[in-house]
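Coordinate analysis (summary)
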Amino acid sequence: MSEKGLILILSTYEKKDQTARQMAEDLQFFATRPDHGDCSVVVILSHGTWRNGDEVYGVCGEPEGGDTLNFNSVLEMFGKQKAPALKNKPKLFIVQACRGSKTDFGVSRDKPDSGFNDKETSHLKPMTALSVAQDESDAQPVVLPMKEKDPDLGDSIVCRSTMPGYKSWRNEVRGSWFIQSLIEVFMNNAHRDNILELLTEVNCLVARRYQALGAKQMPVFESSLIKAMYFNPAAEE
């Protein structure tokens with residue numbers, strides 16, 4: 001299966017070889033569906049670049065200045081206002097695409113990593129929230145009724161195959177380093193670990209296992225989740 005211009009949304013909604021506009025239209029359709037379950041997972045496998053942030057190419061290729069799908073616009077499609085059926089539900093985005101033309105040639109690993117070991121990286125604890133002091137002023141305070149709100153773009157986690165500005169590598173037979181590692185880690189550990197632990201393990205696997213022509217690759221993820229997310233919290237059979 002070609003990775004070019006492919007969008008896979010779970011196992012029930014799959015589109016291949018699409019233009020940037022078609023990808024945007026189908027993502028918009030999916031985001032606004034009223035029948036979402038407990039979470040949503042969006043997988044985008046394509047070519048990409050770094051222009052105005054992350055840009056993903058469609059099947060038409062990579063013409064200079066050509067049409068692309070801006071990933072920030074994708075996140076906005078899944079906000080609480082535009083996707084009410086996904087309000088307060090976790091949203092996972094997996095993006096396999098280049099984010100520029102730089103190559104990471106790595107550095108020599110001449111001694112064990114300091115500060116952590118392999119076991120510790122798969123059991124990271126979230127940082128505790130810091131208390132925020134109230135604003136102070138010489139003026140008399142004005143008390144206004146406040147309605148509780150939530151951020152529009154929260155409850156998401158975005159994992160990308162490489163760092164901003166850098167290439168993403170793919171084996172012609174086995175597929176991309178990132179997707180290979182993600183599948184392996186999820187199949188082996190999704191019954192036990194939460195999504196942040198799983199993605200940390202994916203980062204470690206890609207960083208340490210793969211190398212081509214002296215080049216390395218470092219995946220990255222960012223999270224706005226406010227609760228731990230598990231794909232399968234049941235005990236291992």
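Residues numbered from 1 in each chain as written. Predicted model: local features only at pLDDT ≥ 70, side-chain atom pairs only at ≥ 80, totals over all residues. Heavy atoms only, no water.

**A closer look at the packing of aromatic side chains**
Just so we agree on the cut-off: A pair of aromatic rings is counted whenever rings of Phe, Tyr or Trp (Trp by its six-membered ring) have centres within 6.5 Å, and the orientation is called stacked for planes under 30 degrees apart, edge-to-face for over 60 and tilted otherwise. Numbering goes from the N terminus for both helices and strands, where a helix is a DSSP run of H or I of at least four residues and a strand is a run of E of at least two. Type-normalised accessible area, obtained with a 1.4 Å probe on protein chains alone, sets the label of each residue: buried when under 20%, exposed when over 50%, and partly exposed for intermediate values.
Applying the stated rule across the entire model yields 5 aromatic pairs. Note on Phe-78 and Phe-93: the rings are 5.1 Å apart at their centroids and 85° apart in plane angle, and the pair reads as edge-to-face. Pair noted here: Phe-78 is in the loop between α2 (71–77) and β7 (91–96) and Phe-93 is in strand β7, with a separation of 15 residues, a long-range link. Classification of Phe-78 by relative accessible area gives buried; the value is 3%. Between Trp-177 and Tyr-210 the ring centres are 5.3 Å apart and the planes differ by 10°, which places this aromatic pair in the stacked class. Separated by 33 residues along the polypeptide, Trp-177 in helix α4 (residues 177–189) and Tyr-210 in the loop between α5 (195–209) and β11 (220–223) bring together distant segments of the chain. Each member of the pair, Trp-177 as well as Tyr-210, carries the same accessibility label: buried. Here the aromatic cluster, defined as three or more aromatic residues joined through ring pairs, consists of Phe-30, Phe-71, Phe-78 and Phe-93.

**A few points about unusual backbone geometry**
A positive phi angle, near 50°, is found at Asp-17, a position not held by glycine. Here Asp-17 shows up in the loop between β2 (13–15) and α1 (20–31). With a relative accessible area of 43%, Asp-17 lands in the partly exposed category. In the Ramachandran plot, Leu-213 falls in the positive-phi region, its phi being about 55° despite a non-glycine side chain. Within the element layout of this structure, Leu-213 appears in the loop between α5 and β11. Overall, the relative accessible area of 78% leaves Leu-213 in the exposed class.

**Some details on the sheet that holds strand β4 (residues 48–50)**
Where we set the bar: For two strands to pair, DSSP has to find at least two bridges joining them. Between N-to-C directions, angles cover 0 to 180 degrees, with each direction set by a line fitted to C-alpha atoms, over the stretch in contact for helices. Pairs of residues are marked as contacts when any of their non-hydrogen atoms sit within 4.5 Å.
Taking strand neighbours across the sheet as the criterion, the 3 strands line up as β4-β5-β6 in an open arrangement whose pairing is antiparallel. Single-partner strands in this sheet number two, and they are β4 and β6 (68–70). Neighbour to neighbour, the strand axes of the sheet diverge by 30° on average, direction disregarded. Pairing between strand β5 (residues 54–57) and β6: 3 bridges, direction antiparallel. Within β6, the position partnered with Val-56 by the bridge is Leu-69. Running at roughly 35° to β6, α1 makes contact with β5 and β6 of the sheet.

**Topic: α1**
How we decide: Expected helix span is taken as 1.5 Å per residue step, with the number of steps being one fewer than the number of residues. Within this analysis, the arc is defined by the directions that extend from the helix axis to the C-beta atoms.
Taking 1.5 Å per residue, 12 residues should reach 16 Å; α1 reaches 16 Å between its end C-alpha atoms and fits that length. Considered for burial, the residues of α1 that qualify are Ala-20, Met-23, Asp-26, Leu-27, Phe-30 and Ala-31. One side of α1 carries all its buried residues, which in axial view fall inside an arc of 135°. Along α1, exposed side chains directed more than 90 degrees from the buried face belong to Arg-21 and Glu-25.

**Digging into the pattern of salt bridges**
Selection criterion: Note on definitions: salt bridges are taken to be side-chain nitrogens of Lys or Arg within 4 Å of carboxyl oxygens of Asp or Glu.
Counted by the stated rule, this structure contains 7 salt bridges. Note that Arg-160 and Glu-222 form a salt bridge whose closest N and O atoms lie 3.3 Å from each other. Pair noted here: Arg-160 is in strand β8 (residues 156–160) and Glu-222 is in strand β11, with a separation of 62 residues, a long-range link. Residue class for Arg-160 comes out buried when judged on its relative accessible area of 7%. Residue Glu-222 is classed as partly exposed on the basis of its relative accessible area of 45%. Its salt-bridge partner being Arg-192, residue Asp-193 comes within 2.9 Å of it at the nearest N-O pair. Taking relative accessible area as the criterion, Asp-193 reaches 2% and is therefore assigned buried. In this structure Arg-192 comes out as partly exposed when scored by relative accessible area, which is 44%. Look at the salt bridges and you will find they share partners, linking Asp-54, Arg-99, Arg-160 and Glu-222 into a network.

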